Structures are given as structure tokens and as C-alpha cells.
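Report on the structure
Here is how the chains run, residue by residue.
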Amino acid sequence: MTQNETLLLGIDIGTTGTKCAIYDLKGELVAHAYQEYSMIHPQPSWAEQDPHRWWNAVQTNLHNCFEQQGIDSSRIASIGLSCTNAMTLVDEAGEPVYNAIGHHDKRADPQVAWLRERVGEDLVLRVTANKLDKGSFCLPSLRWLIDNRPELVARAYKMLMPSGYIIQKLTGKFSMNRPRMSLTSLSDIRTGEWSREIAKKAEIPFSLLPTPYDPCDIVGGVTEEAAHITGLKAGTPVSAGCLDSVVATLGAGAVQEGDVALTIGSSGRICYIGSEPIYDKRLLNCRSPYQGLYTILQTTDNAGISLRWFRDVFGDAVQQKAEAAGLSVYDYMNTLAEKVPAGCNGLVYLPYLAGEKSPIWDSDARGVFFGMSLSTDYGAFVRAIMEGVALSMRDCMEIMPAAKKSISPIPLGGGAANSRVWCQIFADVLNRPIVRLKSGETETLGDFIIAAESVGLTDVTRDFGKKLAAESEVLYPDSAAASVYDKAYQKYKAVYQKRYSKLPSSFFILPFLLAPAFCADAG
């Protein structure tokens, strides 16, 4: 990299961590930093995040890039941002009046019932092209705050999402991008504007809703104060950013009608690009960064989170062996999973740790390991988690006829792209070629593309991700493994439909009964 080379910054605020990535105009990653944090669970079924952690993570990451990795911040031409689904209310100074309520949160059942009565599901579907549900869409959570914490709402100036919160810290402006607005239950998917009709019927103060922007619009420049705090250059343009699933799809190269992409991060998403929304309550519809296109998606809430949960709870069982092998716990888990045959000798995992959206839309569902035996070892649990997430995405794909009909290889990005065994599992479970993207960081790569377009840098075009995908490894399904997974899929469906659906919501099968043999067999 030459001293005067133009750079672009992508920031992705996720459910369990924030990434900052700096790219040159060839799409080469020249600096990267990540800060992990935990969700907050004040009560069972509640899932919150502290917005201060997002801002602290951004500051720490940027100082790492500038001070430890030697990046000159004056070379950054523009900033693109993406984020997870978490709604926060802030005062006029941009300070949160309450923790952000995340998409895993299930507290708002009474508010959903009230909204169905007062607003109506038909109106919400007609205007937003999405169903009415808690967690997935912020309207019920906002109503919960109005009903239960009116004193906080009285202090609130605007409702923001994580990217909007960071943009406000950087620029002083309050904003929300139109793809992110699509999952609020408060915006018109056709016009990209706030729906006054829904807001009025839902009794939402319209003044709480921030100014809408298209992803490539510049909201403002980095303020002197933010420059002092972060090390960025004052005046650096900050774009409005995008919904993480949508921008990850862009980074994976899915930009034209008919394109399909997988992103397996904390949550898992399969996305299809269409010229029209699909008015099916089982699907999620979002505006695309580009006029005339929509991103239709299915999502499993607990993809990478499932593996992280397993690492956090049971990682100590293999920590020493991983260190002895010179590997991280995740890399060691990969080596163990590779040794287990497809189908895990009958062990099936349902990744419903905090309920599930697509395609079952069951907030009471919980995680299940089914089919354990005395021979089940640590590696089998790891592989079962990987298979369970892939089976969940297959379940999602079954109700996306256009995506299912496509025969092109599917690009896969997100953290799972770092695991070759997991990518091969996806190829076998879906019985489709999988493009294991060279850059699994599809969110920040999409942010990079948005940032470039926001300031008119013609070196980077909207199909930049597609060009990079063409250089990536393609994994083809193994026919024998695919046959095993056809049977495993039927078992996966049966465990939920015939067994789990009849169990109380508190039922949660865990492998505690296998200890200490469980730990002794780890590796």
C-alpha cells in the first residue's frame, strides 16, 4: 500500500461484537479489529445490549487500526456502516435512555396482541410486506417501552438502530437507512418513508422517527469531537449505511434479480434479490440499496451464536488441548468436527436457543440435542451444531421457491466461511455448490462498497463482491453425505413437529449428563 492510497472504512455493529475493517480500492483488507461483548438478559426471554459498548468497541477498534496497525486516518475517503437489529431510544444529546432491545427479545407478547387489534396484521403486511411480530421488528418493543416505561419515552428524542447510534456519535445527525427501516413495522416498503397511518394507529409519537436516508447518502462528516475521540479525520464523510443482512448480501456478490447468498454470522441468513417484495408472512422483505430491487430473506436467529454458546459453556473441556495444538478453540472444534461422519450417528441439534424466526416463527421454541448415546463425544456435539444450523437454513430455503430453483453456486460469507468443514456441510445439506468466499467479512465488504459509491469512487462498483466471489473456492456436495442429510432433515423436522412442539417451553435438552465422560472424550 502506497502512502497516498485511498482507503475506505467499514463498521459492522453485531449482536455479539463490532468489527472495523479498512480496505484499499482493490478490496484488499489492510487493517481490521474486532471487539466482542455479551448480550444482557435482565429477565428470562429478555435480550438487551448496552449502546455504550458499541461506541467503546468502535473507538477501541479504530485506535487499534491507526496506532497499532499504522493506518493513516487521513487516507480514509468515506465510512460505511451496517448493524444488527436492536432498537434504542436516545435523548437530544444522543445518549441512550434505556438499553437497546435486541431481536432475540421476546417480552412484547401483550403489545403484539394490542397492535393486532388496533393496527391490524393486514395493514402491516400491506404496507411493510412483513408480518407483525416481537423481536424481529421494533414496533412491539417500542410499544412495550411506552406501556411500561413512559418516563423514559418522555425523555427520548429519537429511536435509533446501532448504525444510526454510531453515525450520531460520529456526525451529530440522527438517521436511519431505508433497508433498516424495512424491519421496524413502521415504514412503507414501496416508498421508503415512515408510515403515518401505522404510527398513528399504533400511537407512536411521529417525532421519535429519525430522518430516512438511502444507504449511499452522506449523513454528515466526522465532527471535531468525534475525530478527537476516534482518531478519524474531521470531515470524513459518513454514509447512511445499511441493514447487515442486506449489505452482507451485497458484499457476497448478490446484486441482480435472481441472485442468492448465505451469510452465517451470529445469526444465519439466506437472501434472494427480487424486483418485487413477496407478501408471505413467513418471509422477511427489505429494500435493497438500489432502486427497483428488494432483498427477500429467511433467518435463523442462533447460527454462530450456537457455536459461541457451546464454546463459552463447554470450551474449557478442550482449551488445554487446543493450546497444545497451537489452535484457537474454534479451530480445534473444526478439527474435531471433521472426524465425525455426516449425520453425527443420529445426533440432531435444533438451534432454537432463543426461539426462532424463519420458518417456524415460534418464540417459545428452545434448543434441543436429540439422539445422544454413550458413544456421543465432544466432536459430535460440535458437528451437530454445524449441521443443525445448516438444516435450519435448508428449512428456510424450502419456502423460497425462487432461491430453491436457482442452480448457481451460492456464495457463503460471515464467520462460518472461516470453517471449511462447516461450508462443506452446507454444500451437502443444501445439495448445492457453495462458494467459500475468500473474504468472509461480507458485512464490512458491503460497507466498503456502499462507502465507495457514497463519494463516487468509480473503482468500486456494485458488483465488486461478485468479482471477488469468482476468485473463491467452490465446494461441491458429496452425494453420499447429501443422501445422509436428506434423512437427517426429515428427522430434524420431526423432532420439532412431533416431539418438541408437544413439550413445555422450558424443556431444553443439554448434554450435562454425559460429564465427565463428555469432557474426557473431547479430542
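For clarity, every value in this text was computed on a predicted model and none was experimentally measured. (Residues numbered from 1 in each chain as written. Predicted model: local features only at pLDDT ≥ 70, side-chain atom pairs only at ≥ 80, totals over all residues. Heavy atoms only, no water.)

Describing the side chain of Ser472
For Ser472, the location among the structural elements is in the loop between helix H18 (464-469) and strand E22 (473-475). Its relative accessible area of 10% is what places Ser472 among the buried residues. Among the polar contacts made by the side chain of Ser472, one reaches the main-chain carbonyl oxygen of Leu468 at a distance of 3.3 Å. (Helix = DSSP H or I, 4+ residues; strand = E, 2+ residues; numbered from the N terminus. Buried < 20%, exposed > 50% of the residue type's maximum accessible area, 1.4 Å probe, protein only. Polar contact = N/O pair within 3.5 Å; in protein donor to acceptor, adjacent residues only side chain to side chain.)

A short note on the pairing of strand E1 (residues 7-13)
Most of E1 sits out of view: 7 of its 7 residues are buried. Every second residue of E1 is oriented toward a common face, with Leu7, Leu9, Ile11 and Ile13 on one face and Leu8, Gly10 and Asp12 on the other, all of them buried. Relative to strand E5 (residues 76-83), E1 runs parallel, the two being bridged by 7 bridges. Residue pairing in the sheet places Ile13 in a bridge with Cys83 of E5. The pairing of E1 with strand E2 (residues 17-24) spans 7 bridges and is classified as antiparallel. (Pairing = 2+ DSSP bridges.)

Side note on the packing of helix H14 (residues 378-397) against helix H16 (residues 420-430)
Between H14 and H16, the shortest axis-to-axis distance is 9 Å and the interhelical angle comes to 40°. The angle between the axes of H14 and H16 places the two elements in the oblique class. Every pair of crossing elements has a handedness; the one defined by H14 and H16 is right-handed. In contact with Arg383, Met386, Glu387, Val389, Ala390, Leu391, Met393, Arg394 and Met397 of H14, H16 contributes Val421, Trp422, Ile425, Phe426, Val429 and Leu430. (Axes fitted to C-alpha atoms, helices over the stretch in contact; angles between N-to-C directions. Parallel < 35°, antiparallel > 145°, perpendicular 65-115°, else oblique. Left-handed = near helix turned anticlockwise from the far one by under 90°. Contact = heavy atoms within 4.5 Å.)

Section: the packing of aromatic side chains
Within the structure shown, the criterion is met by 14 aromatic pairs. Centroid distance Trp46 to Trp144: 5.3 Å. Interplanar angle 80°. Geometry classified as edge-to-face. Taken together, the residues span a long stretch of sequence, with Trp46 in the loop between strand E3 (29-36) and strand E4 (48-49) and Trp144 in helix H4 (residues 138-148) at a distance of 98 residues. By the burial criterion, Trp46 is buried, and Trp144 matches it. A ring pair is formed by Phe310 and Phe314, whose centres lie 5.0 Å apart and whose planes are at 50°; its orientation type is tilted. One end of the pair, Phe310, and the other, Phe314, are both in helix H11 (residues 304-314), 4 residues apart, so they sit about a helical turn from each other. (Phe/Tyr/Trp six-rings, centres within 6.5 Å; stacked < 30°, edge-to-face > 60°.)

Some thoughts on the sheet that holds strand E15 (residues 268-274)
The sheet built from 7 strands is open, its strands ordered E16-E17-E15-E14-E20-E21-E22 with mixed pairing. Of all strands in the sheet, those with a lone pairing partner are strand E16 (284-287) and E22, marking the two edges. Ignoring strand direction, the axes of neighbouring strands in this sheet form an average angle of 30°. Inspection of the sheet shows strand E14 (residues 260-264) paired to strand E20 (residues 410-413) by 2 bridges, in the parallel sense.

Details of the environment of Gly10
Within the secondary structure, Gly10 is located in strand E1. Through-space distance from the C-alpha of Gly10 to that of Glu443 is 8.1 Å; in sequence the pair is 433 residues apart. Apart from the residues within four sequence positions on either side, Gly10 is in contact with Lys19, Cys20, Ala21, Gly80, Thr444 and Asp447.

What about the pairing of strand E6 (residues 86-90)?
A large share of E6 lies buried, amounting to 5 of its 5 residues. Sheet topology note: the E6/strand E7 (residues 100-102) ladder contains 2 bridges and is antiparallel. Bridge pairing in E7 places Ala86 opposite Gly102. Two elements, E6 and strand E8 (residues 158-160), share 3 bridges in a ladder whose sense is antiparallel. Counterpart to Leu89 in the pairing with E8 is Met159.

Overview of the confidence of the model for the protein chain
Reading fine detail from the predicted coordinates is not recommended where pLDDT is low. Residues at a pLDDT of 70 or more form 94% of the protein chain, whose mean pLDDT is 92. When the criterion is pLDDT under 50, residues 503-523 qualifies, and its contacts beyond four places in sequence or with other chains add up to 40 contacts. (pLDDT = per-residue confidence, 0-100.)

Digging into H14
When the terminal C-alpha atoms of H14 are compared, their 29 Å separation across 20 residues agrees well with the 28 Å that a helix rising 1.5 Å per residue should span. Burial of H14 is extensive: 20 of the 20 residues sit out of reach of the surface. (Expected span 1.5 Å × (residues − 1).)

Structural notes on the sheet that holds E4
Within the open sheet, the 4 strands sit side by side as E4-E7-E6-E8. Their pairing is antiparallel. Looking along the sheet, the strands with just one partner apiece sit at the ends: E4 and E8. Here E4 pairs with E7 via 2 bridges, running antiparallel. Within E7, the position partnered with Gln49 by the bridge is Ala100.

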